[in-house]
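# A structural walkthrough
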Amino acid sequence: SRNGKSDMFWEQPWNLTSQAEGCLEHWNVQPRPMWATINYGGRRALEAASNLLFSNGELDPWKGGGVTEDVSDTVRALVIPGVGHHVDLFFANDADTDEVRVARRQEVATIKGWLSRSAAIS
């Protein structure tokens, strides 16, 4: 929802009914707001999963649809302050912020932990 105060856009509250009517009128399609949850299981699927790490940049426009809080000890979320979409997945360079460097170290440590626990079980 855009409020015109904390963003550069005019005020435009989100209204699913209005959006659905516009989609039907302009493109002859109807949104399915629960499609991803129905097809992929939503939070229940994440609670049953393990060894997943979701990284989001604080400024990532997709963050609102992402996993931004840990679901369990093995389904983890990282929100990296001050950066955009998948900056942590780019090659490292001198322009990286300290926050990106810390996030990469956390990602590597998390994955190494999963691998060492897996090797100990085998």
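Worth saying up front: this structure is predicted, and the values here are computed from it rather than measured.

What counts, and where the lines are drawn
Residues numbered from 1 in each chain as written. Predicted model: local features only at pLDDT ≥ 70, side-chain atom pairs only at ≥ 80, totals over all residues. Heavy atoms only, no water. Helix = DSSP H or I, 4+ residues; strand = E, 2+ residues; numbered from the N terminus. Buried < 20%, exposed > 50% of the residue type's maximum accessible area, 1.4 Å probe, protein only. Core = buried A, V, L, I, M, F, W, Y, C linked by side-chain atoms within 4.5 Å. Contact = heavy atoms within 4.5 Å. Salt bridge = Lys/Arg side-chain N within 4 Å of Asp/Glu carboxyl O. Expected span 1.5 Å × (residues − 1). Polar contact = N/O pair within 3.5 Å; in protein donor to acceptor, adjacent residues only side chain to side chain. Phe/Tyr/Trp six-rings, centres within 6.5 Å; stacked < 30°, edge-to-face > 60°. pLDDT = per-residue confidence, 0-100.

Another aspect to go through is unusual backbone geometry. The residue Asn 28 is not glycine, and still its phi comes out positive at about 60°. Residue placement: Asn 28 occurs in the loop between α1 (16-27) and α2 (35-40). Given the relative accessible area of 63%, Asn 28 is considered exposed. Its identity is not glycine, yet Asn 51 carries a phi of approximately 55°, on the positive side. In this structure, Asn 51 sits in the loop between α3 (42-48) and β1 (52-57). Under the relative-accessibility criterion, Asn 51 is labelled partly exposed at 37%.

All right, on to the nonpolar core then. Leu 78, Ile 80, Val 83, Val 87, Val 100 and Ala 103 together form the largest nonpolar core, which totals 6 residues. Those elements that place two or more of their residues in this core are β2 (75-80) and α4 (98-121). Aside from chain neighbours lying at most four places away, what touches Leu 78 is Leu 53, Phe 54, Ser 55, Asn 56, Ala 103, Gln 106 and Glu 107.

We now examine the environment of Glu 11. Along the polypeptide, Glu 11 turns up in the segment before α1. Residues Glu 11 and Leu 24 lie 13 residues apart in sequence; the distance between their C-alpha atoms is 23 Å.

Turning next to the pattern of salt bridges. Scanning the entire structure with this criterion turns up 4 salt bridges. The partner of Arg 104 in a salt bridge is Asp 96, with the nearest N and O atoms 2.5 Å apart. For the pair Arg 104 and Asp 96, a shared accessibility class is recorded, and that class is buried. One salt bridge in this structure joins Arg 101 and Asp 98, with 3.3 Å as the shortest N-O distance. With Arg 101 and Asp 98 both in helix α4 and 3 residues apart, this pair spans about one turn of that helix.

Turning to α1, a few remarks are in order. Look at α1: 16 Å from first C-alpha to last across 12 residues, which is about the 16 Å you get at 1.5 Å a residue. The backbone nitrogen of Thr 17 lies 3.0 Å from a side-chain oxygen of the residue at the head of α1, namely Asn 15. Among the residues trailing α1, Asn 28 stands out with phi positive, at a value near 60°.

The tally for this structure, following the rule as stated, stands at 1 aromatic pair. A ring pair is formed by Trp 35 and Tyr 40, whose centres lie 5.5 Å apart and whose planes are at 85°; its orientation type is edge-to-face. Overall, Trp 35 belongs to the partly exposed group, its relative accessible area being 36%.

When pLDDT is averaged along the chain, the result is 91; 98% of the residues meet or exceed 70. No element of the chain has a lower mean pLDDT than α2, at 89, and none a higher one than β2, at 96.

What follows covers α4. Under the 1.5 Å per step criterion, the end-to-end length of α4 is 35 Å for 24 residues, consistent within 8% with the ideal 34 Å. Residues of α4 that are buried in the fold lie against β1 and β2.

Now for the side chain of Asp 96. Here Asp 96 is to be found in the loop between β2 and α4. Only 2.5 Å separates the side chain of Asp 96 from the side chain of Arg 104, close enough to count as a polar contact.

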